[in-house]
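Close look at the chain arrangement
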Amino acid sequence: MKEILAETSPAKMLCGAQKIIQDKSYRRSSHIVSAQCEDGTLLFHTLTGAMYLFDNGETPEDHRDYFIKNRFLVPEDFDDNAYADGIRTAARVLQPKHRHITSFTILTTTDCNARCFYCYEMGRKRVNMSAQTALDCAKYIARVCGQLTDKGEKTTETVSPVKLSWFGGEPLYNAEVIDIITSYLAQKDIAFESIITTNGLYLDADTAKKARRDWHLKSAQITIDGTKDVYNRTKAYIDKYDDPHEIVLTNIENALKEGIRIFVRLNMDSKNADDLIRAVDNMTPRLKGKGDCRFLVAMLREFKGKINEFDTEEAAAEKCVALLKKIEEAGFDRELKLDRELHVNRCMADNDGAQVLLPEGLIGKCEHFSETEIIGDIYSPERDVKLIESWKKTLPPFSECEGCPVYPRCYNLAKCDWTKDACPQSVKLIRIYNLQRQMQRAYNDYKSASN
Ligand code: SF4
Ligand code: SF4
């Protein structure tokens, strides 16, 4: 047995060592994810962030006292999830207060050039941000991000760079406002970087170059719904291009060349599940080795009765595993760094350092609400504190959470549309799978560092 991630994590410190009670009987904690690697089995504790390598056939039970102390073994009658809740509450209380707002999701428009059948924004007002509002947004960001003094000079305080996330509608449908906002921030010497969620149709070579250089764009998430015909039918662009699928793939290549990381999002329902496998096969020779390109799987969620749902959860999970395996084989899996932090925010909605800036200059908390849930505007300091706090309420765990290994790093907000019903098997499966890939990567890094 070898300790792979040995350094103390904040969560490990909060938990401390577990007391050994001699005549108690112990079992394996439910918050452990295992993954195979070439040298044995990796076990990762999702609450404490500790990871160990075991020889094949060896288990934590073989080192009982050690793993009781490290919480891999817990008393039979221990309530794992209640304990994790307590630690998360403590972490939340101890987290430093946000002194500045540094993360902004900006809806440049709620209009879009595509007409995807599954769009949750369908039927909403189509509004473009004006050039004046864009400038006012930039001034607002400069005022609240903590990088300038009241006199407009640079502070000496260390403040995180501003993080901008361009969203819509289709954010590139009104790209001028991105130019206005970023050039103002650059003029004021404000450090910033950005990411974008786009369908990619307008991310041509010149735009990609400018995005990298002027917008400080680090990554783009682009959805591919299937092979050529399925994609073109699903997106149903209003632009009259012969083959938007081809244009978007070329644009992905351009962006990769510029050093922009691309997340290709594969939106799955029962109808396109098999076609997505073919889509990965088709894209592989084109995108492999061209830059930092990763594929991720997302199950379409039902909002308006338009999704082709799977007959059973098992059927969805099966297709989901097949696609994840295909992505792994092709070398495009989302192999990110293993995160050992105990996060106390779900997303922008419950994070006091994050805001959503809407096209009219209104401020929201969740990017999926462009007409309601408004907490204020960029022209006045008044905020609807009650509404802000309402976004922090978490959902009680689902019945599926009992015994779920990723529970300590997964919690859902009561007001979130995406998670309010239950946790489909496929969602749980994607979370565990991604974690296993991250564990394998952390082990490979550990091995390279020790050689
Ligand atoms: S919501 Fe799903 S993934 Fe999260 S802890 Fe519950 S069962 Fe697990
Ligand atoms: S949809 Fe849910 S997860 Fe996404 S930003 Fe809104 S509250 Fe957060």
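The structure we're discussing is the one just above.
Parameters at a glance
- Residues numbered from 1 in each chain as written.
- Chains lettered and ligands numbered in written order.
- Predicted model: local features only at pLDDT ≥ 70, side-chain atom pairs only at ≥ 80, totals over all residues.
- Heavy atoms only, no water.
- Helix = DSSP H or I, 4+ residues; strand = E, 2+ residues; numbered from the N terminus.
- Rg over C-alpha atoms; globule rule 2.2 N^0.38 Å.
- Buried < 20%, exposed > 50% of the residue type's maximum accessible area, 1.4 Å probe, protein only.
- Contact = heavy atoms within 4.5 Å.
- Areas by Shrake-Rupley, 256 points an atom, 1.4 Å probe, with all protein chains shown as cover.
- Lys, Arg positive; Asp, Glu negative; His and termini not counted.
- Charge placed at Lys NZ, Arg CZ, Asp CG, Glu CD.
- Salt bridge = Lys/Arg side-chain N within 4 Å of Asp/Glu carboxyl O.
- Near = heavy atom within 4 Å.
- Nonpolar A, V, L, I, M, F, W, Y, C, P; charged D, E, K, R; others polar.
- 1 Å grid on protein atoms, 1.4 Å probe; cavity = no way out; pocket = protein on both sides within 12 Å on 5 of 7 lines; lining within 4 Å.
- Sits in = over half its atoms within 2 Å of the grid points.
- Points joined across faces, edges and corners; volume = space filled by probe spheres on them.
- Pairing = 2+ DSSP bridges.
- Axes fitted to C-alpha atoms, helices over the stretch in contact; angles between N-to-C directions.
- Parallel < 35°, antiparallel > 145°, perpendicular 65-115°, else oblique.
- Left-handed = near helix turned anticlockwise from the far one by under 90°.
- Right-handed = clockwise from strand over helix to strand, strands pointing away.

The next subject is the overall build of the protein. A tally of regular secondary structure across the protein gives twelve helices and 15 strands. Over its C-alpha atoms the protein spans a radius of gyration of 23 Å, differing by no more than 12% from the 22 Å that the globule rule assigns to 451 residues. Evaluated residue by residue, the protein yields a buried proportion of 51% over its 451 residues. Long-range pairs, those at least 24 residues apart, make up 72% of the contacts in the protein between residues at least 6 apart in sequence. Carbon together with sulfur atoms contributes 51% to the accessible area of the protein, which is approximately 21,200 Å² in total. The averaged location of the 69 negative side-chain charges in the protein is 3 Å from the averaged location of its 64 positive side-chain charges.

A separate point is the pattern of salt bridges. Overall, the coordinates contain 29 salt bridges when judged by the stated rule. The residue Glu61 makes a salt bridge to Arg28 at a minimum N-O spacing of 3.1 Å. With a gap of 33 residues between them, Glu61 in the loop between β5 (51-54) and α2 (64-69) and Arg28 in strand β2 (residues 26-28) connect regions that are remote in the sequence. Residue classification places Arg28 among the partly exposed positions, given a relative accessible area of 32%. Between Lys319 and Asp274 there is a salt bridge whose closest N-O contact spans 3.0 Å. A residue pair is termed long-range when its members are at least 10 positions apart, and Lys319 in helix α10 (residues 313-330) and Asp274 in helix α9 (residues 273-287) qualify at 45 residues.

Here Thr48 shows up in the loop between β4 (40-45) and β5. Every residue in contact with Thr48, bar those within four places of it in the chain, is listed here: Ser9, Ala11, Lys12, Cys15 and Arg71.

With respect to spatial proximity, the complete set of residues near ligand 2 consists of Arg346, Cys347, Ala349, Cys366, His368, Trp391, Cys416 and Trp418. Looking at the shell around ligand 2 residue by residue, the classes come out as six nonpolar, one polar and one charged.

Here the bond from Gly168 into Gly169 is cis, since omega is 15°, no more than 30 degrees from zero. When you line up the elements, Gly169 lands in the loop between β8 (162-167) and α5 (176-187). The backbone phi angle of Arg71 is positive, close to 70°, even though this residue is not glycine. Relative to the helices and strands, Arg71 resides in the loop between α2 and β6 (73-75). In this structure Arg71 comes out as buried when scored by relative accessible area, which is 10%. Its identity as a non-glycine residue notwithstanding, Ala236 has a phi of 45°, on the positive side. Tracing the chain through its elements places Ala236 in the loop between α7 (228-235) and α8 (244-257). Relative accessible area serves as the criterion here: at 31%, Ala236 is assigned to the partly exposed category.

Of note, Ala134 is situated in helix α4 (residues 131-144). Residues Ala134 and Ile178 lie 44 residues apart in sequence; the distance between their C-alpha atoms is 7.8 Å.

Our next topic: the site of ligand 1. All residues adjacent to ligand 1 are Phe398, Glu400, Cys401, Cys404, Val406, Tyr407, Cys410, Asn412, Cys423, Lys428 and Arg431. Judged by its atoms lying within 2 Å of the grid points, ligand 1 is housed in the largest cavity. Counted by class, the shell around ligand 1 contains seven nonpolar, one polar and three charged residues.

Attention now goes to empty space enclosed by the protein. By the definition in use, this model includes four cavities of 30 Å³ or more. The space that makes up the largest cavity amounts to roughly 100 Å³. In terms of lining, the largest cavity is formed by Phe398, Glu400, Cys401, Cys404, Val406, Tyr407, Cys410, Asn412, Cys423, Lys428 and Arg431. Taken together, the residues that form the lining of the largest cavity break down as seven nonpolar, one polar and three charged.

Strand order in the open sheet formed by nine strands is β12-β11-β10-β9-β8-β7-β13-β14-β15, and the pairing between neighbours is mixed. Two strands bound the open sheet, and with one partner strand each, they are β12 (293-299) and β15 (374-377). With strand direction ignored, the average angle separating the axes of adjacent strands in the sheet is 25°. Sheet topology note: the strand β9 (residues 192-198)/strand β10 (residues 217-223) ladder contains five bridges and is parallel. Its bridge partner being in β10, Ile195 is matched across the sheet by Ser219. In the packing of α8 onto the sheet, contacts are made with β10, β11 (261-268) and β12, and the angle to β11 comes to roughly 150°.

With that settled, the discussion passes to the packing of α8 against α9. In the contact formed by α8 and α9, the axes pass within 11 Å of each other and the chain directions differ by 40°. By the criterion of interaxial angle, the relationship of α8 to α9 is oblique. You can see that α8 and α9 cross each other, and the crossing is right-handed. Contact residues: α8 offers Glu246, Leu249, Thr250, Ile252, Glu253 and Leu256, while α9 offers Met283, Arg286 and Leu287. For the contact of α8 with α9, the residue count by class is five nonpolar, one polar and three charged.

It is worth spelling out the pairing of β11 at this point. Burial analysis of β11 places six of its eight residues in the buried class, which makes it a mostly covered element. Bridging between β10 and β11 involves five bridges; their strand directions are parallel. Paired with Ser219 across the two strands is Arg261, which belongs to β11. Pairing geometry for β11 and β12, over seven bridges, is parallel. If you follow Met268 over to β12, its bridge partner there is Met299. Read from β11 through α9 to β12, the crossover connection turns out right-handed.

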